[in-house]
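Chains, contacts and geometry: an overview
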Amino acid sequence: MRRRVPHLLGLALLAFFLAFPFVYSANDYPYVMHIMITSFFYAILASSWSMLAGYAGQFSFGHIGFMGVGAYTAALFSHYFWLSPVPTELCTEYRFGETWLVVVNPIGVTSTTLTQDCLRQAMEMWGDAVQPTRMPVWIGILLGTLMGGVFGFLIGVLVLRLRAAYLALFTLGFAEILKATISAEIEITRGQAGMELPALFESGVTLFGHTFDKTDKLPPYFVMFGLLLVCLAILAWLAGSKFGLFVRALREDQDAAAALGVNTTRYKVLVFVVTTMMAASAGAVQAHYVGIVTPNNLFLLQMSLVVAMAVIGGVESFIAAAIGAVLIEVALEMLRNSFVIGGVEIDMTIWRLVFFGIVLMLTLRFARNGLIAPLIGYFTRGHVARETVEHRLHPRAEEAAAK
Amino acid sequence: MIHLAVSNVHKRFGGLHALKGVTFEVNGPELIGLIGPNGAGKTTLTNVLDGAIKPNTGTVYLNGQRIDQLHPYEVAIAGLGRTFQVTRSFRRMSVLENLYVPALATRRAADRKAIHAKAMEVLEFLTLGHLRNEYAQALSGGQQKLLELGRLLMLDPGIVILDEPFAGVHPRLMEIIYAYIRRVNEEGKAIILISHQMDSIFSLSQRLLVLNFGGLIADGPPDEVKRDPAVIEAYLGTEEEPEGDAGARDDATDEDNPTHR
């Protein structure tokens, strides 16, 4: 029975998050929903990073960079690729039946003031007669996910021979280079000005018989929550398969795993590809949800936050890492409320980060496997010691019971 | 029929000539002892055989397949398994999971049920059955050595290299290792046994290979090898030690060896 407790708690959590948007009805509904969506975003990053670092032992600090690859791929795609019923004759364009695929020319950050890109020029000429349309958002998210996988493959191949601190520094370098490149390439990425993206449901969507416009929080809530569930399901499947067994062997001793027939190169690259695709998909969805992506999204501080969430939850359990991410994101927001003690106002917008840092330090010092993973372990492995003693005392009891 | 052919293998680490033209063959289920003083090149030879280190020159063939340029996992699948001088169990994985790894990697067993059944049989044989669900880190040093031997049974290679299996092991566990060696040999596998425990190696081995300063100085039945003047000199020394060559090392690792994959 005890071993089933985590499953039952998991089902309870699932029911809670499915019901939450319909049950919660306070005035701060949009704000709370935003926090929940953001916490799901971090949960995807933390749980996928847990598979990479906690299961496979690949301590990559480039995860936020891969998230950025997904976000910027989706942003570039939605910014530069349009569909038009007539050719602009100004842009690079390709005909597909009755539709033209228009590739907008990059003009940097001056587009809205001094000059216009080729499509805007054409639209000015057309007036209301022709309405070009954006490419479907889901294609951008898919491309962002695939691009994350391509980058994950390349980085995975490059770090094959690197271990521990060298791997961490290399991946950190990748994320920083990516951020610097995006900042510098103003012509294409609009640099620090960032790139605007259409909403996940730009034209609104009808759910449960109710029509939601693009600013409503419920549709993105279920998109991000659905993505989190898909990622967790994939991670659970991988962890329970030989993939999970081999990447853990890789973490424990790469040479010994190879000597036992494990193709360590394949699994090291594979774990990079899978987890970076998850980070990239989360980045792409989050970028469409927020509506803008800037190089600041790729700050090292963001990576530190993801690592801290996974560590506090428990880095060797992707479920614990995901729960840790949700709890910490919600706690950090709840701790924003300042209060007064003896006439002195405590500004929690600053002090909450101190609190967070202290929790992280205490976790690292006293609970190396996080705060949530040991709880899960209590239920899933708590019986092992008792069984070991039983098997030693009565070695044939189990066989007799089986007969 | 197992056939391992090691031909003129040289390995250098910078100025250090670790293996000097090592040549020998293994034919069938032989039980071979590999001995030599510290730094003779025993572990370097093991690393060359299992693909962890590529030789500078020379070839290694296993059952007609050249394996000296293969990755370690390919060598394992080709049929050569090894243990390590310092036990390298997967410490934060359960005992059973440690055994599943080689079986699933090589796919020698039909399905998971068969793999589990074989793992349980191996654990019972090694007296580790009651520890099946414990993490390997909970096992004693001797039990971890047994676990490493168990993984080789799951890998099921044609030739097994056991690197110091008796080091630091309680006499009761030693008996289990003796039984293990006999079982593996009776299953038709060849065994190369590396040990500094002369009593054990002389009593178990049918044939002895002796390495000294990277060169193979003797190859024959234990009784003959024991009387070989070169072997006596290598172990007891003479008044004049060889000069001009740093000799081979036992403990070459990938940290100090750039060619180590």
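Residues numbered from 1 in each chain as written. Chains lettered and ligands numbered in written order. Predicted model: local features only at pLDDT ≥ 70, side-chain atom pairs only at ≥ 80, totals over all residues.

Looking only at helices and strands, chain A has 17 helices and 10 strands in total. Principal axes of the C-alpha set define a box for chain A whose edges measure 90 × 60 × 45 Å. Expressed as a percentage of the 403 residues in chain A, the buried residues total 40%. Within chain A, contacts between residues at least 6 apart in sequence are counted, and of these 74% link residues at least 24 apart. (Helix = DSSP H or I, 4+ residues; strand = E, 2+ residues; numbered from the N terminus. Buried ≥ 20, exposed ≤ 12 C-beta atoms within 10 Å, placed from the backbone. Contact = placed C-beta atoms within 7 Å.)

Below, the discussion takes up the overall build of chain B. In terms of regular secondary structure, chain B is built from 9 helices and 10 strands. Taken over 261 residues, chain B has a buried fraction of 49%.

Residues and elements named next belong to chain B. Scored by pLDDT, chain B has a mean of 87; 89% of the residues are at 70 or more. Per-residue pLDDT stays below 50 along residues 241–261; that stretch engages in 42 contacts with residues further than four places along the chain or on separate chains. On the interface metric, ipTM, the complex scores 0.87, and its pTM is 0.89. (pLDDT = per-residue confidence, 0-100.)

Formed by 178 residues in total, the largest nonpolar core has its most connected members in A:Ala46, A:Val306, A:Met309 and B:Val101. Beyond its immediate sequence surroundings of up to four residues, A:Val306 is in contact with A:Tyr42, A:Leu45, A:Ala46, A:Trp49, A:His63 and A:Ile64. Grouped together as the second largest cluster of nonpolar side chains are 6 residues, A:Trp82, A:Val102, A:Val104 and A:Leu119 included. (Core = buried A, V, L, I, M, F, W, Y, C linked by C-beta atoms within 7 Å.)

Now for the interface of chain A and chain B. On the side of chain B, 28 residues touch chain A, which itself brings 23 residues to the contact. At the level of secondary structure, the elements contributing two or more residues to the side of chain A that touches chain B comprise α9 (242–252), α10 (254–259) and α16 (384–393) of chain A. Broken down by element, the residue count for the side of chain A that touches chain B peaks at 6 residues, all from α9(A). Residue composition of the side of chain A that touches chain B, by class: 11 nonpolar, 5 polar and 7 charged. (Nonpolar A, V, L, I, M, F, W, Y, C, P; charged D, E, K, R; others polar.)

What follows is about the sheet that holds strand β2 (residues 92–96) of chain A. In a beta sheet, neighbouring strands pair by backbone hydrogen bonds and run either parallel or antiparallel. Strand order in this open sheet of 4 strands is β2-β3-β1-β4 (chain A), and the pairing throughout is antiparallel. The sheet terminates laterally at β2 and β4 (133–134) of chain A, the two strands that pair on one side only. (Pairing = 2+ DSSP bridges.)

Right, let's talk about the domain arrangement of chain A for a bit. On domain assignment, one finds that chain A holds domain 1 (2–78 + 136–334) and domain 2 (86–131). Computed from C-alpha atoms alone, the centre-to-centre distance between domain 1 of chain A and domain 2 of chain A is 34 Å. (Domains from an automatic or database assignment.)

The side chains of a regular strand alternate between the sheet's two faces. All names here are of chain B. Two elements, strand β1 (residues 3–13) and strand β2 (residues 16–27), share 8 bridges in a ladder whose sense is antiparallel. Across the sheet, residue His3 finds its bridge partner in β2, namely Asn27. As consecutive antiparallel partners, β1 and β2 are separated by 2 residues, and within that stretch Gly14 has a phi angle of approximately 60°, a positive value. Where β1 and strand β4 (residues 57–62) come together, 5 bridges link them in antiparallel fashion.

Okay, unusual backbone geometry next. All names here are of chain B. Despite not being glycine, Asn63 shows a phi value in the positive range, around 50°. Non-glycine residue Thr127 carries a positive phi angle of around 60°. Along the chain, Thr127 falls in the loop between α4 (112–125) and α5 (141–155).

Moving on to the domain arrangement of chain B. All names here are of chain B. Examined at the domain level, chain B breaks down into domain 1 (1–79 + 160–174 + 192–261) and domain 2 (87–156). Each partner contributes to the interface: domain 1 provides 8 residues, whereas domain 2 provides 8 residues. For the side of domain 1 that touches domain 2, the class distribution of residues is 6 nonpolar, 2 polar and no charged.

A few words on the sheet that holds strand β9 (residues 207–212) of chain B. All names here are of chain B. Reading across from one edge, β6-β7-β8-β3-β9-β10 is the order of the 6 strands in this open sheet, with mixed pairing throughout. Two strands in the sheet have a free side with no partner beyond their single neighbour: β6 (80–82) and β10 (215–220). Across the sheet, the axes of successive neighbouring strands diverge by a mean angle of 20°, strand direction being ignored. One ladder, built from 4 bridges, connects strand β3 (residues 31–35) with β9; its direction is parallel. Counted as the bridge partner of Ile32 is Arg207 from β9. (Axes fitted to C-alpha atoms, helices over the stretch in contact; angles between N-to-C directions.)

Our focus in this paragraph is the packing of helix α2 (residues 29–55) of chain A against helix α8 (residues 218–240) of chain A. All names here are of chain A. At their nearest, the axes of α2 and α8 sit 9 Å apart, and the two run at 15° to each other. As far as their axial angle goes, α8 and α2 are roughly parallel. α8 is crossed by α2, and the crossing has left-handed handedness. Counted together, Met33, Met36, Ile37, Phe40, Phe41, Ala43, Ile44, Ser47, Ser48, Met51 and Tyr55 of α2 and Pro220, Tyr221, Met224, Phe225, Leu227, Leu228, Cys231, Leu232, Leu235 and Ala239 of α8 form the full contact between these two elements. (Parallel < 35°, antiparallel > 145°, perpendicular 65-115°, else oblique. Left-handed = near helix turned anticlockwise from the far one by under 90°.)

Looking now at the packing of α9(A) against helix α11 (residues 264–290) of chain A. All names here are of chain A. α11 packs onto α9 with a crossing angle of 105° between their chain directions and a minimal axis gap of 10 Å. Viewed along their axes, α9 and α11 adopt a mutual orientation that is roughly perpendicular. Here α9 contributes Phe243, Phe246, Val247 and Leu250 to the contact with α11, which in turn contributes Thr264, Tyr267, Lys268 and Val271. Across the contact of α9 with α11, the residue classes break down as 6 nonpolar, 1 polar and 1 charged.

If you trace the backbone, A:Pro219 turns up in helix α8. For the pair A:Pro219 and A:Ala320, spaced 101 residues apart in the sequence, the C-alpha separation amounts to 26 Å.

All names here are of chain A. Relative to strand β3 (residues 99–103), β2 runs antiparallel, the two being bridged by 5 bridges. Opposite Thr92, over in β3, you have Val103 as the bridge partner. Between β2 and β3, which follow one another and run antiparallel, lie 2 residues, and Gly97 among them has a positive phi close to 65°.

Attention now goes to the environment of A:Thr92. Of note, A:Thr92 is situated in strand β2. For the pair A:Thr92 and A:Ala325, spaced 233 residues apart in sequence, the C-alpha to C-alpha distance is 44 Å.

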